[in-house]
Amino acid sequence: MSFSTYQRLMAWTRSGRNQSNSDLLSSSTQSADRHQGNRRFALDQLEPRLLLSAVLVNAIPDQNIPASGGSAVIDLNDFFDDTDIPGTVVRYDTVFGEFDVELFDTTTPNTAINFLGYVDRGDYNDTFFHRLALNQDSTPFIVQGGGFEFTAPNSYDAIFQGQSVVNEFGASNLRGTIAMAKLGGDPDSATNQWFFNMGDNSANLDNQNGGFTVFGQVLGNGMNIVDQIAATPVWDASPLNGAFTDLPLRNFNNTSFPDNSNLVVINSITRVNELTYSLVSNSAGNRVVASIDAQGQLSVITIGSSVVETVTVVVEAQDHDGNTTQATITVEVGSAKESLNDDRFADLLWRNFRNGKNTLWQMSGLSKGTSEALKAVSNTTWFIAAVGDFNNDGSNDLLWRNAFDGQNKLWLMNGTTFVSAVDLRTASNQNLAIGGVADSNNDGNIDILWRNSKNGRNIVWTMDGTIETGSFRLDNQAGSEWYVGGVGDLDRDGVTDIIWRNDSGGQNKAWLLNPVDGSIKQSAAILTLANTNWV
């Protein structure tokens, strides 16, 4: 509906008339009735609560990543918590600034779920506070929103209205709380509209219409923003809509028609973490890049380093009251995926195809240390196709493939000691070869890349430890002369990419994989190395 449609009908006057509960409410307007009497309302504070600092609830385990192209992703939310905020936190982004609200998920579960449904669908984005009701002494009573959105500079519409929610009154309507608006005389009529209590409204709102359901509270110093909203001049726009008797307008002088630049706009309401995170220090400098995103995901990536070292990364969590706590994460750089004795140096694994013996050369850089015999496999049709930590126990395991019948088997290892064998699905097609093993979908588990040299198809078996959970097909790479030359995180997005080499012409290219679903987001040519003796 357009504001300008009603231009001739509207007499915009400064509101602030002292209304009381004797004012009749439109049956189509969800509202909270004002307090009666001549009592002057101070800006009461929220009930005192114990302010606890963000705490480290679980120790962050040491990380082991390769010295070149290695990466680790840690969800800090799994290890830190603010025990003072058990509920879901949402962030209001308004024209006056941002503030956060904690929802009372436990005590008002249906109301919180109802509210979050509107939040998650984006129904509250580009809406505005349409009601700023005043007490009889002109102090702020409530500010209300959730009912209307602007659709153009001079137009507005009512937002989607879902099913009503059963009243869950419990907590009092104190300053800084958020409560559901509803129809007069119908306790269970709340749907999409809500309001913030600007003072202690408990004597009134706790005792009428079944009590107004308080389902959350403003966190930290967020009421500073709400107070700015409540200081906005109020205008009577009831000829436009019965809900706009107390419409707050910014920078409005009544000499021209108002538009959305005058409204108290809510840009968005979104879920956020209860804590914010920052990087304090990284002992490796630019050899290891550490960063934290808005969701609390810490990424640690090695950049072209061959240095074997122990790196410490310090992170800090901060709660809404400004309290902080820190944690130190130890990152063992140089835990090469080819290391079997867990010394973070790549080792050399030898197989004798005459007698089936397997021997490990334990390496220290370029120096050969001791030799150790591993369990023999007398059937020489079996060969070691790949090495990787499939069960996430910190030790690399061996992936075997039978060149004759296509059987596949995992040897779970504890260092250089054989623990057990796990049979995987047979892939009897002799054109199939294992191109590499790596985490292709960013779930923390190693997956298996298969290459069909005859038809060029490439398939990934997604794994959960030793269990195959599914598969997906990548684009074809036609031509039997192409083979997987290696895998590694080339663009530092936390997901392993694929390097291709042409055995005939020496061309090289990379497939950069999408962190969300493992699909190919980019194919890029790499410098040709024409001498095909290089692999």
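(A) Region of the structure containing the sheet that holds strand β26 (residues 382-388). Spatial strand order, β26-β27-β28-β29: four strands in an open sheet with antiparallel pairing. Of all the strands in the sheet, just β26 and β29 (417-424) have a single pairing partner and so form its edges. Shown here is a sheet whose adjacent strand axes are inclined to one another by a mean of 25°, direction ignored.

(B) Structural context of helix α3 (residues 223-230). Within α3, burial applies to M223, I225, V226, I229 and A230. Down the axis of α3, the sector holding all buried residues measures 155°, keeping them to one side. Considering only its buried residues, α3 is in contact with β5 (89-94), β6 (97-103), β8 (131-134), β9 (140-145), β13 (194-197) and β14 (214-218).

(C) Examining helix α1 (residues 109-121) more closely. In this model α1 runs 18 Å from its N-terminal to its C-terminal C-alpha over 13 residues, within 8% of the 18 Å that 1.5 Å per residue would give. When we look at burial in α1, the residues that qualify are T111, A112, N114, F115, L116, G117, Y118 and V119. The secondary structure elements touched by the buried residues of α1 are β5, β6, β12 (177-180), β13, β14 and β17 (265-272). Positive backbone phi, at 80°, marks G122, one or two positions downstream of α1.

(D) How the structure looks around the environment of T107. Among the structural elements, T107 can be located in the loop between β6 and α1. Assessed through its relative accessible area of 59%, T107 is described here as exposed. In sequence terms T107 and F169 are 62 residues apart; their C-alpha atoms lie 9.2 Å from each other.

(E) Molecular detail of the sheet that holds strand β32 (residues 458-464). One open sheet accounts for four strands, arranged β30-β31-β32-β33; its pairing is antiparallel. Of all strands in the sheet, those bounded by a partner on one side alone are β30 (432-438) and β33 (467-474). Going from strand to strand, the sheet's axes swing by 25° on average, the running direction of each strand aside. Here seven bridges tie β32 to β33, and the two strands are oriented antiparallel to one another.

(F) Layout of the packing of aromatic side chains. Following the criterion strictly, the structure yields 23 aromatic pairs and no others. With centroids separated by 4.9 Å and ring planes inclined at 15°, the aromatic side chains of Y92 and F99 adopt a geometry described as stacked. We note that Y92, like F99, is buried. Ring geometry for W194 against F196: centres 5.8 Å apart, planes inclined by 70°, an arrangement best described as edge-to-face. With respect to class, W194 is no different from F196; both count as buried. In textbook terms, an aromatic cluster arises when at least three aromatic residues are bridged by ring pairs, as seen for Y92, F99, F115, Y118, Y124, F129, F160, W194, F196 and F215.

(G) Molecular detail of the environment of N267. Turning to its location among the elements, N267 is positioned in strand β17. With 139 residues separating them along the chain, N267 and F128 place their C-alpha atoms 8.3 Å apart. In contact with N267, other than residues within four places in its own chain, are D93, T94, V95, N125 and D126.

How each quantity is defined
- Residues numbered from 1 in each chain as written.
- Predicted model: local features only at pLDDT ≥ 70, side-chain atom pairs only at ≥ 80, totals over all residues.
- Heavy atoms only, no water.
- Pairing = 2+ DSSP bridges.
- Helix = DSSP H or I, 4+ residues; strand = E, 2+ residues; numbered from the N terminus.
- Axes fitted to C-alpha atoms, helices over the stretch in contact; angles between N-to-C directions.
- Buried < 20%, exposed > 50% of the residue type's maximum accessible area, 1.4 Å probe, protein only.
- Arc of directions from axis to C-beta.
- Contact = heavy atoms within 4.5 Å.
- Expected span 1.5 Å × (residues − 1).
- Phe/Tyr/Trp six-rings, centres within 6.5 Å; stacked < 30°, edge-to-face > 60°.

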